[in-house]
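Notes for the structure review
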Amino acid sequence: MSDITKIRNFSIVAHIDHGKSTLADRLLELCGAVDKRDMESQILDNMELERERGITIKARAVKLDYTAKDGNTYTLNLIDTPGHVDFNYEVSRSLAACEGALLVVDASQGIEAQTLANTYLAVDAGLEVLPVINKIDLPAADPDRVAAEVEDVIGIDASEAPRISAKTGENVADVLEYIVKNVPAPTGDPDAPLRCLIFDSQYDPYKGVIVYLRAFDGTLRAGDRVRMMATGAEYDVVEVGHLRPLTMERRDVLTPGEVGYFTASIKNVSDTRVGDTVTLADRPTEEALPGYRKVQSMVFSGVYPADGSKYPDLRDALEKLKLNDASLSYEPESSVALGFGFRCGFLGLLHMEIIQERLEREFNLDLITTAPSVVYKIHYTDGRVEMVDNPLNFPQGDVLDYAEEPFVKASIITPKEYTGSIMELCQERRGVFRNMTYIASDRVELHYELPLNEIIYDFFDALKSRTRGYASLDYELCDYRKSELVKLDILLNGDIVDALSFIVHREKAYPRARRITEKLKENIPRQMFEIPIQAAIGGKIIARETVKALRKDVLAKCYGGDITRKKKLLEKQKEGKKRMRSLGTVDVPQEAFMAVLKLDE
Amino acid sequence: MAKHKSIVRIGGVSPSRTRIPRSSSAIRSGNLTHSAAHPGSQRRLGLYIHIPFCRKKCSYCDFYSLSCGESSDFDTLSERYATVLERHLTETAKLTTSPVDTVYFGGGTPTVLSTRQLTRLLSVIKKRFKLLPGAEITVEANPESALPKTLKALRRAGFNRISLGVQSLSDHELERLGRIHDSDTAKHAFQSARDAGFKNISIDLMFGIEDQTPESWRDTLRRAIELHPEHISCYGLRVEDGTPLALRASTANLADDDTQADMYLDACDVLADAGYRHYEISNWAQPGMESRHNLRYWRLEPYIGFGPAAHSDCFGARYSNVRDIESYMRGIELGGAVLDEYEDIEESERAFEYVMLSLRTTDGVDLDSLSKRFSAPPGDARELMRSLTQQELASYEGGGRWCLTERGWLISNSIILKVIDAMSGADRPQDRNS
């Protein structure tokens, strides 16, 4: 049993690229948690995709032993969190497992949108927020200015903030002392009814689900029968222990303040929801830990195998991903155009991208995805209200009374010279301006309310290109608002292609329709007959392009009877055709479906 | 379409190996009559003799041919090559008793060989094969090499058809093609061929040449017609990888596909008005003057190719000789292998070939006889042909025969693939929807 006064539970929060994972690597090294030969960068991000993109997708926890200058050995539990807005809920649950958070700020860039968003999350979770100024080795580093920014904007004391370079290792040792001194020790009653917070879980093919948790009260032992309070699922604990960087360290018990894991031959991660409270089945606590909610998918998209015969493979792949990612939801759907596939729900755009990329990479699937959609609230004339996440189910005509769409509160931090173009962008995207504050003499924070529908379109790309990548964005769902929404259908050769339909604000319908028909024209090869591409709202055509009929596709010459060469050329052409989808009489290449997802101006 | 699984690469020279593929008992046993007779009775044979030399390679050509300048001692090389061909012809003749109906000397430029050498080769053929009286015996020639003396000698030797590589009657376009003749030379060559007694003259023309306009193309056609050739072939220029033209294609003034298509249809009109019959995608002839040798390719009739990279469809298989002249010559001289690719053609594959090739000609495809000839039922091909007919891409000729129209020929690749799909029923679900 650990001495609770010698435990420090903390996490690191930062804007993307401010050096969170590099600092984590250095702390691991300094505590001798990893052999030099096992050390590699971003050691906590062990997913290939995480390393490649330099992001953290899954939360990780690791126990470090640190002998401080006072001579005592402390247990430092570092809980690494994803930084992206899509995973805010996971972040907030990870933070709830800690008493303190290191707030890493880039000494050259200063505070960014996610710095603020994550700080608010940490403050909301009642954490001691400890600023750390990183990247002091950069030529453009200005730690004094950034420290002042932290004090002015966030309102926390930065005078003692270590000024470090996680990259070179400079002053990183100070951070450990800083943690020991400033992160409060946890409290808890080992004899009270068990209360542990699940902050993550992971599927292991041998042990079943490994549940990551923080013990608050009570004592958890192998053999205990536990109950997840939100899901009601009960299991017999097989194993408990601590988390080391590369291994799991089996222990007899987990006591208050400790961070660790348990396994219980759990088959399904959805039984062990992030944020849920674990208690003992025969001596349950009265009150669950606060803050649990079921995560809601915000963005939906149809996911289809490019090759229809791979449908079972896609199903298996989704099942496997779901084992590790309870926030992924999917159900079978079918499309006239694309055959059998799945309607998948994601936390946000990044989550969607990650899932799609993992499906393609880890499961070797070739996918066609439909345009992402948000969840609309449909009010029918007969008084019924329905949530609709698929354009196919969007009602048209008299049955529709009105529709509502989700809005988000967005915060955009930008160098002030881009303010004008960002305001223009938000205006174009039907944004409602709330306010603007200066966070430094040259940087501002803009608050807008924006339809989520516009953000999932190409808002990030537009923001990036208009601010040369200097602006940062964060948002959270705020409410549903009545809106003039229409369903836009795309017709090829007179037939609606269901997979290309989407919901759009009436005022945006025309330019979007024009753009999409142009894009399709670029991507659909000429065929034996002329192909009209049309965009329509409720049967009324609002845009049209034409793919001209193929005029010349012939092997004219035959060199001395070389028929084999002719056959090979035709064979090749046939292979090329195989990669296309036949929609009615029109062959549509996969790229055409992809092209309409990227309509950047 | 069956996969080309059965292609065996035997290439290279390996004296220890027999020149005849083990997998083809017909070739080894010499039992050609039996094999080539399938499925008809005694079938006539065509011979193709490849002369892989040119005085200068044209900028668009990717066919296997050597520029004479590349060899320091062309006389020795050409003499050795002629001797090798002689031997290959003699050995092959022992394997067959089929009567030979067409002989075609192509290239390259056959006339870079001396008339003496060409005469010798033709006499070997006459001596060793059962050459039918009235056989069509063609020699290709480029205008600059078609001298009166040469032409007379060739005619005397027994060549009765000549194919002149005129390409264009615009000097600027000829220069762009990298040809070494001009339009006057071409016209003189034609006249000399007539004077030498050739009653069957074909000329090759190209459209889509760099800097060519629809007007200059029609002009070339008109001036070609004025010469009254019995046969005209028109080919659209294709930029082939690895050719000098490919290197400058991005900046060259080349007609796009649409313009080439218009030029093709122009040719169809102009030549029809002049009384030429458009009997194959790229070939026009005065009635009765169709190239019998060329038609064999489209009619699945057997032919044997001699020389490097030459192709054969015989003994129930398609095969080709090694591409490299040195390997070919040594293979023959040492009694080793000269095969490059060898493919046994299964019946289903033949059905595919039949559709692909017969649709190129005014013979058209006989869907009624498909089942009988190849045990390949036409599936939905008739429905497809009917819908193509509505789009004026095909026409019904009666007796189960369907042809493509000239517009259909222009996109015949797409159509052929659709027909094959329809035969195998692959398109069925989609077609029902539409």
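We now turn to the structure provided with this report.

Rules used throughout
- Residues numbered from 1 in each chain as written.
- Chains lettered and ligands numbered in written order.
- Predicted model: local features only at pLDDT ≥ 70, side-chain atom pairs only at ≥ 80, totals over all residues.
- Heavy atoms only, no water.
- Helix = DSSP H or I, 4+ residues; strand = E, 2+ residues; numbered from the N terminus.
- Buried < 20%, exposed > 50% of the residue type's maximum accessible area, 1.4 Å probe, protein only.
- Contact = heavy atoms within 4.5 Å.
- Areas by Shrake-Rupley, 256 points an atom, 1.4 Å probe, with all protein chains shown as cover.
- Buried area = accessible area lost by both parts, 1.4 Å probe.
- Salt bridge = Lys/Arg side-chain N within 4 Å of Asp/Glu carboxyl O.
- Polar contact = N/O pair within 3.5 Å; in protein donor to acceptor, adjacent residues only side chain to side chain.
- Nonpolar A, V, L, I, M, F, W, Y, C, P; charged D, E, K, R; others polar.
- Expected span 1.5 Å × (residues − 1).
- Bend = angle between axes of the 7 residues up to and from the residue.
- Core = buried A, V, L, I, M, F, W, Y, C linked by side-chain atoms within 4.5 Å.
- Patch = residues over 30% accessible without salt bridge, like charges linked within 9 Å, V, L, I, M, F, W, Y side chains within 5 Å.
- Lys, Arg positive; Asp, Glu negative; His and termini not counted.
- Charge placed at Lys NZ, Arg CZ, Asp CG, Glu CD.
- Pairing = 2+ DSSP bridges.
- Axes fitted to C-alpha atoms, helices over the stretch in contact; angles between N-to-C directions.
- Phe/Tyr/Trp six-rings, centres within 6.5 Å; stacked < 30°, edge-to-face > 60°.

Each helix and strand counted, chain B has 18 helices and 18 strands in total. Per-residue burial for chain B yields a buried fraction of 59% across its 434 residues. Long-range contacts, defined here as pairs at least 24 residues apart, represent 71% of the contacts in chain B between residues at least 6 apart. Total accessible area on chain B stands at roughly 17,300 Å², and carbon and sulfur atoms take up 48% of it.

This next bit is on the interface of chain B and chain A. With 50 residues of chain B at the contact, the number on the chain A side is 32 residues. Each partner contributes to the roughly 3,900 Å² buried at the junction of chain B and chain A, and carbon and sulfur atoms together form 55% of this total. Applying the counting rule to chain B against chain A returns twelve salt bridges. We note a salt bridge from A:Lys552 to B:Asp257, for which the minimum N-O separation is 3.8 Å. Between chain B and chain A we count 13 residue pairs in polar contact (both at pLDDT 80 or more) in total. Listed by contribution, the elements that provide at least two residues to the side of chain B that touches chain A are helix H10 (257-273), helix H11 (292-299), strand E15 (339-344), helix H13 (347-358), helix H16 (406-410) and helix H17 (412-424) of chain B. The element best represented in the side of chain B that touches chain A is H17(B), accounting for nine residues. Of the residues assigned to the side of chain B that touches chain A, the class counts are 25 nonpolar, ten polar and 15 charged.

On to the pattern of salt bridges, then. Per the counting criterion, the structure on display carries 75 salt bridges over all chains. For A:Arg195, the salt bridge goes to A:Asp217, with nearest N and O atoms at 3.4 Å. Of the two residues, A:Arg195 sits in strand E6 (residues 195-204) while A:Asp217 sits in strand E7 (residues 208-217), which places them 22 residues apart along the sequence. Classification of A:Asp217 by relative accessible area gives buried; the value is 16%. A salt bridge links B:Glu79 to B:Arg116; the shortest N-O distance between them is 3.6 Å. Of the two residues, B:Glu79 sits in helix H3 (residues 74-93) while B:Arg116 sits in helix H4 (residues 115-128), which places them 37 residues apart along the sequence. Judged by its relative accessible area of 52%, B:Arg116 is exposed. The network of salt bridges with shared partners includes A:Lys567, B:Asp313, B:Arg318, B:Glu343, B:Glu349, B:Arg350 and B:Glu353.

For the rest of this paragraph, the subject is helix H11 (residues 506-523) of chain A. Here H11(A) spans 26 Å end to end across 18 residues, near enough to the 26 Å set by a 1.5 Å rise per residue. Along H11(A), the sharpest change in direction is near 30° and occurs at A:Arg512.

Glancing now at the nonpolar core. Counting residues in hydrophobic clusters, the biggest one holds 161 residues, and the most contacted among them are A:Ile524, B:Phe53, B:Phe105, B:Phe159, B:Leu164 and B:Tyr328. Excluding residues within four positions of it along the chain, B:Tyr328 makes contact with B:Tyr81, B:Val84, B:Leu85, B:His88, B:Phe306, B:Gly307, B:Pro308, B:Asn321, B:Val322 and B:Val338. Counting residues in each nonpolar core, the second largest holds 66 residues, with A:Ile12, A:Ala61, A:Val183 and A:Phe199 among its members.

Side chains of A:Asp307, A:Asp313, A:Glu360 and A:Asp366 sit close together on the surface and give a patch of like negative charge. Locating A:Asp366 in the fold gives a position in the loop between helix H8 (349-362) and strand E19 (367-369).

Here we come to the sheet that holds strand E16 (residues 299-305) of chain A. Through backbone hydrogen bonds, the strands of a sheet pair up, either in parallel or in antiparallel fashion. All names here are of chain A. Read across the sheet, four strands follow the order E17-E18-E16-E19 without closing on themselves; strand pairing throughout is antiparallel. Of all strands in the sheet, those with a lone pairing partner are strand E17 (329-335) and E19, marking the two edges. Each neighbouring strand pair of the sheet contributes to a mean axis angle of 30°, computed without reference to strand direction. Summarising the sheet, E17 and strand E18 (residues 339-346) pair through seven bridges and their orientation is antiparallel. The residue of E18 that forms the bridge with Glu-331 is Arg-343. H8 contacts E16, E18 and E19 of the sheet and is inclined by roughly 15° relative to E16.

Residues and elements named next belong to chain A. Tallied over the entire structure, the rule returns 20 aromatic pairs over all chains. Ring geometry for Tyr-418 versus Tyr-470: centroids 6.4 Å apart, planes at 15°, classification stacked. Residue Tyr-418 is found in the loop between strand E22 (400-415) and helix H9 (419-428), and its partner Tyr-470 is found in the loop between helix H10 (452-466) and strand E25 (472-483); the two are separated by 52 residues along the sequence. Residue Tyr-418 is classed as buried on the basis of its relative accessible area, which comes to 11%. Assessed through its relative accessible area of 49%, Tyr-470 is described here as partly exposed.

Take the pairing of strand E10 (residues 277-280) of chain B next. Residues and elements named next belong to chain B. Sheet analysis places E10 next to strand E11 (residues 283-285), joined by three bridges and oriented antiparallel. In the strand pairing of E11, Arg-277 is matched with Ala-285. The antiparallel pairing of E10 with E11 creates a hairpin that spans two residues between the two strands.

With that settled, consider a nonpolar patch on the surface. Residue and element names in this part refer to chain A. A cluster of nonpolar side chains, namely Phe-433, Met-436 and Tyr-438, defines an oily patch on the protein surface of about 290 Å² accessible area. Mapped onto the elements of the fold, Met-436 is located in strand E23 (residues 432-440). A relative accessible area of 34% means that Met-436 is categorised as partly exposed.

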